[in-house]
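Summary of structural features
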Amino acid sequence: MKYYVSKDSAAVSVGAAETAAALDRVAPDATLVRTGSRGLYWLEPLVEVEQDGHRIGFGPLASSEVESVVTAIQAGTSSAHPRYVGDIDELLRSQGQRRLTFARCGVIDPTDWDDFVAHGGSAGLRMALEQDGQTIVDAVKTSGLRGRGGAGFPTGIKWQTVHDTPSTPKYVVCNADEGDSGTYADRMMMEGDPLTLLEGMTIAAVAVGATRGYIYLRSEYPDAERTLKRAIEVAHEVGMLGDDILGSGRAFDVELRMGAGAYICGEETSLLESLEGKRGVVRFKPPLPAVQGFLGQPTMINNVITLCSVPAIMAQGAEHYASFGINKSRGTLTVQLCGNVARPGLYEMPFGVTLDHVINSLGGGARSGRPVRAVQVGGPLGAYLPQAYLDTPLGYEEMAEKKSMIGHGGVVVFDDTVDMAQQARFAMEFCDLESCGKCTPCRVGSVRAQEVIDRIVADDDRAGNLDLLRELCDTMINGSLCAHGGMAPFPVLSALNHFSEDFGTREPAEVQ
Amino acid sequence: MTNESIDAEAAVRQICAAYADRQGPLLPILHAIQKSAGHVSDAAIEVIADELNLSRAEVFGVVTFYHDFHRKPHATHVLKVCRAEACQAVGGREVWSAASTVEARGDVGVEAVYCLGNCACAPSVQLDGRTLGRMDAARVTALLVSGGTGVPT
Ligand SMILES: Cc1cc2nc3c(=O)[nH]c(=O)nc-3n(C[C@H](O)[C@H](O)[C@H](O)COP(=O)(O)O)c2cc1C
Ligand code: SF4
Ligand code: FES
């Protein structure tokens with residue numbers, strides 16, 4: 001018998017280690033593989049058992065329930081067990097998931113090279129190694145891949161710039177700072193399939209002619225740190241990194257660097273400053289990092305999921321990737337559904353599904369059973385959307401039209417107990433706390449905005465202060481160097497526009 | 001100079017030397033020093049500046065920029081409590097207010113953090129690097145009262 005239990009830190013945070021230990025006790029002769037997470041977090045701790053080539057799941061399974069599952073499996077009465085979920089791959093399919101990027105996450109032992117290769121790992125890199133840089137860049141362009149770190153910039157175009165900049169050495173930097181609240185796809189990938197990240201970075205290096213890579217990882221992710229360290233060792237042992245990548249004669253190496261708890265270091269130029277050992281203060285652009293980045297050299301900087309999407313694009317073809325999605329949003333979006341929702345988790349979906357479908361059909365609505373009132377998409381700088389906007393398809397331009405954004409794909413659901421004035425204040429508090437300090441509208445404006453919101457809530461010259469708040473937002477939008485100060489007003493303005501009753505300007509809606 | 005401070009200085013110089021061949025070695029050095037000494041003292045800042053050929057003000061500026069680095073000795077255990085949106089949506093504010101007001105918390109320092117990437121199993125806290133999910137006010141209080149030793153289920 002072969003069992004699988006996740007060692008993903010979120011699964012472990014709700015008892016997966018205890019469940020795995022119980023399994024070891026109850027079924028000592030069985031093989032137990034510790035994997036990453038499937039992203040079906042409402043079912044964690046999830047136990048899977050291999051039967052006739054299928055993986056049958058049970059969850060959420062507390063350690064005290066493990067014995068009953070093992071007994072049921074032995075008696076052939078699995079499907080009658082109250083925690084029986086059925087075939088996990090079938091479940092993912094029935095949700096409409098297309099696991100292109102997350103194909104192996106939750107399936108394999110994260111740092112087992114043979115398992116990785118047996119499930120298609122390294123195929124993309126092997127193909128890339130037979131092509132010249134321009135051909136790889138062209139494939140990335142054809143795939144339509146856009147940066148998953150937030151800005152949605154076409155990845156192929158950025159790769160082209162680094163490719164065309166003659167100066168050497170060149171660097172590949174992976175942005176693993178994942179600071180946006182409500183997002184965890186990077187973490188899942190680094191804990192669950194880190195070799196794919198190294199493969200993606202190596203393909204990027206081959207494409208643009210880089211010889212050295214860095215992963216800048218936030219310090220809040222100690223599990224990812226351990227797994228990545230191990231993955232880098234494994235990649236060296238098997239020759240995917242080092243002086244002779246898979247026998248190609250090319251050299252590329254990756255070093256893991258830890259951040260130090262500054263959100264702004266997710267912004268690419270601040271990240272580069274930090275990597276150079278300085279305060280994480282945002283740089284003026286130009287020069288673009290692609291031309292003059294790390295230590296003044298051409299630097300390809302991409303998000304974890306962007307880089308992890310590349311191996312599948314190379315292996316399965318750029319056209320295949322581009323065949324998913326809508327309009328200018330091609331391929332899949334890794335929706336990270338969380339907040340007050342019944343079935344929170346990672347849903348890798350072709351672009352174009354609506355928020356309503358994700359939140360209500362897949363997510364099962366609010367976990368509290370109350371009505372969904374507000375949804376924040378794209379992290380702390382993302383707008384709060386009301387019910388009426390939930391028919392918006394998830395696509396870069398489609399969301400922008402609603403003054404919202406995809407960002408890194410986080411979708412945070414709030415029920416009708418949310419106080420939107422409090423959420424608006426929090427947005428400014430966070431902006432203040434994490435400002436790099438370079439520009440006044442961001443550094444000082446965010447402090448002023450909190451005071452103004454406090455006065456609005458206290459009904460102290462409400463009309464005057466509401467005007468003042470909008471003015472402050474305007475100044476921040478127009479006078480900030482980066483999106484931290486430039487977009488922090490978006491959650492605030494959306495709260496004012498869609499939920500003005502929470503600012504005392506309208507009679508509050510009856511709470512059912 | 002006391003023997004102790006000479007030892008401390010030697011340790012800092014040793015750490016600096018270990019990272020000498022890195023590009024932009026300051027953050028890795030600060031992490032290593034904090035890991036071994038628990039904090040980055042003013043004396044350590046001076047030694048690092050000397051080793052890396054930077055001004056004291058430059059190193060000081062970096063140490064104070066990042067939330068992770070402490071200039072004074074810190075509690076033995078650190079409990080990070082997530083105050084960000086996904087946790088707020090499911091009771092994170094209550095977890096934070098419980099954690100930040102518990103009196104008997106032994107040698108556990110409580111810190112705010114903004115997302116632990118554990119949003120799908122929120123509310124989240126992290127005790128000495130171990131993330132705990134589906135937290136509530138009662139459990140976080142129990143955790144602190146136990147001095148960070150008893151991980152509640
Ligand atoms: C305030 C701020 C925070 C950011 N945080 C992150 C982050 O945590 N992770 C990330 O990948 N990109 C983040 N970005 C976006 C990066 O600046 C950059 O666009 C990205 O790393 C480029 O990679 P991509 O094209 O693959 O998305 C942030 C941007 C801003 C303005
Ligand atoms: S907007 Fe804020 S975070 Fe961005 S550069 Fe200006 S001060 Fe720094
Ligand atoms: S918002 Fe709390 S863990 Fe992400």
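What counts as what
Residues numbered from 1 in each chain as written. Chains lettered and ligands numbered in written order. Predicted model: local features only at pLDDT ≥ 70, side-chain atom pairs only at ≥ 80, totals over all residues. Heavy atoms only, no water. Helix = DSSP H or I, 4+ residues; strand = E, 2+ residues; numbered from the N terminus. Buried < 20%, exposed > 50% of the residue type's maximum accessible area, 1.4 Å probe, protein only. Contact = heavy atoms within 4.5 Å. Areas by Shrake-Rupley, 256 points an atom, 1.4 Å probe, with all protein chains shown as cover. Near = heavy atom within 4 Å. Nonpolar A, V, L, I, M, F, W, Y, C, P; charged D, E, K, R; others polar. Salt bridge = Lys/Arg side-chain N within 4 Å of Asp/Glu carboxyl O. Buried area = accessible area lost by both parts, 1.4 Å probe. Polar contact = N/O pair within 3.5 Å; in protein donor to acceptor, adjacent residues only side chain to side chain. pLDDT = per-residue confidence, 0-100. Pairing = 2+ DSSP bridges. Axes fitted to C-alpha atoms, helices over the stretch in contact; angles between N-to-C directions. Phe/Tyr/Trp six-rings, centres within 6.5 Å; stacked < 30°, edge-to-face > 60°. Lys NZ or Arg CZ within 6 Å of the ring centre and 35° of its normal.

This part covers the overall build of chain B. Regarding its fold elements, chain B presents seven helices and four strands. Helices (α) and strands (β) of chain B occur, in sequence order from the N terminus, as α-α-α-α-β-α-α-β-β-β-α. Reported as C-alpha extents along the three principal axes, the dimensions of chain B are approximately 50 × 30 × 25 Å. The 153 residues of chain B split such that 50% are buried. A separation threshold of at least 6 residues defines the contact pool for chain B, and within that pool the share at least 24 residues apart is 59%. Put simply, chain B shows about 6,900 Å² of open surface, and 53% of that area lies on carbon and sulfur atoms.

What follows deals with the site of ligand 2. Taken together, 13 residues sit near ligand 2, with Cys436(A), Lys438(A), Cys439(A), Cys442(A) and Cys482(A) positioned nearest. Taken together, the residues of the shell around ligand 2 sort by class into seven nonpolar, five polar and one charged.

Right, let's talk about the pattern of salt bridges for a bit. Tallied over the full model, the rule gives 35 salt bridges over all chains. Glu276(A) serves as the salt-bridge partner of Arg283(A), at 3.0 Å between the closest nitrogen and oxygen. Arg13(B) is the partner of Glu51(B) in a salt bridge, and the nearest nitrogen-oxygen pair spans 2.9 Å. A residue pair is termed long-range when its members are at least 10 positions apart, and Glu51(B) in helix α3 (residues 42–52) and Arg13(B) in helix α1 (residues 3–18) qualify at 38 residues. Arg13(B) gets classed as partly exposed once you look at its relative accessible area, which sits at 27%. Bridged by salt links that share partners, the residues Arg38(A), Glu48(A), Arg55(A) and Asp89(A) form one connected network.

Locating Asp8(A) in the fold gives a position in the loop between β1 (2–6) and α1 (9–13). Ignoring anything within four residues of it in the chain, the contact list for Asp8(A) reads Thr35(A), Gly36(A), Ser37(A), Tyr41(A), Arg187(A), Met188(A) and Glu191(A).

At the interface, 40 residues of chain B touch 66 residues of chain A. Contact with chain A buries surface across chain B, with Gln23(B), Phe65(B) and Glu85(B) losing the most and accounting together for 18% of the total. Between the two partners, chain B and chain A, sit two salt bridges. Of the charged contacts, one joins Arg130(B) and Glu18(A) as a salt bridge, the two residues approaching to 3.5 Å between their closest N and O atoms. Linking chain B to chain A there are 27 residue pairs in polar contact (both at pLDDT 80 or more). Its residues assigned to classes, the side of chain B that touches chain A comprises 20 nonpolar, 13 polar and seven charged.

To continue, consider the confidence of the model for chain B. All names here are of chain B. Residue-level pLDDT values for chain B average 92, and 95% of them are 70 or greater. Ranking the elements of chain B by mean pLDDT puts α1 last with 89 and helix α5 (residues 85–88) first with 98. If you check the scores for this complex, the pTM reads 0.97 and the ipTM reads 0.96.

All names here are of chain A. With mixed pairing, the five strands of this open sheet are ordered in space as β2-β1-β3-β4-β5. Each of the sheet's edge strands pairs with one partner strand only, and the pair in question is β2 (31–35) and β5 (84–87). Across the sheet, the mean angle from the axis of one strand to that of its neighbour is 25 degrees, orientation sign disregarded. In the packing of helix α2 (residues 16–26) onto the sheet, contacts are made with β1, β2 and β3 (47–51), and the angle to β2 comes to roughly 170 degrees.

Residues and elements named next belong to chain A. Inspection of the region around ligand 1 gives 19 residues, with Gly149, Asn175, Asn302, Asn303 and Thr306 positioned closest. Lys158 places a polar side-chain atom, nitrogen or oxygen, 3.1 Å from an oxygen atom of ligand 1. When the free accessible area of ligand 1 is taken as 610 Å², the share hidden by the protein chains comes to 91%. Contributing elements (two or more residues each) for the shell around ligand 1: β9 (299–303) and α21 (483–487). The biggest single contributor to the shell around ligand 1 is β9, with three residues.

Below, the discussion takes up the packing of aromatic side chains. This model, assessed by the stated rule, comprises 15 aromatic pairs over all chains. With centroids separated by 5.7 Å and ring planes inclined at 85 degrees, the aromatic side chains of Tyr41(A) and Tyr184(A) adopt a geometry described as edge-to-face. In this pair, Tyr41(A) is assigned in the loop between β2 and β3 and Tyr184(A) in the loop between β6 (171–176) and α9 (185–192), connecting sequence segments 143 residues apart. Summarising the aromatic geometry, the rings of Tyr66(B) and Phe69(B) are spaced 6.1 Å apart at their centres and angled 75 degrees between planes, so their arrangement reads as edge-to-face. On the basis of relative accessibility, which here comes to 6%, the residue Phe69(B) falls in the buried class. Linked through ring pairs, Tyr263(A), Phe426(A), Phe430(A) and Tyr114(B) together constitute an aromatic cluster. The ring of Tyr4(A) has Arg55(A) sitting right over it, with the charged end atom 3.4 Å from the ring centre. The aromatic ring of Tyr389(A) is capped on one face by Lys402(A), whose charged end is 5.6 Å from the ring centroid.

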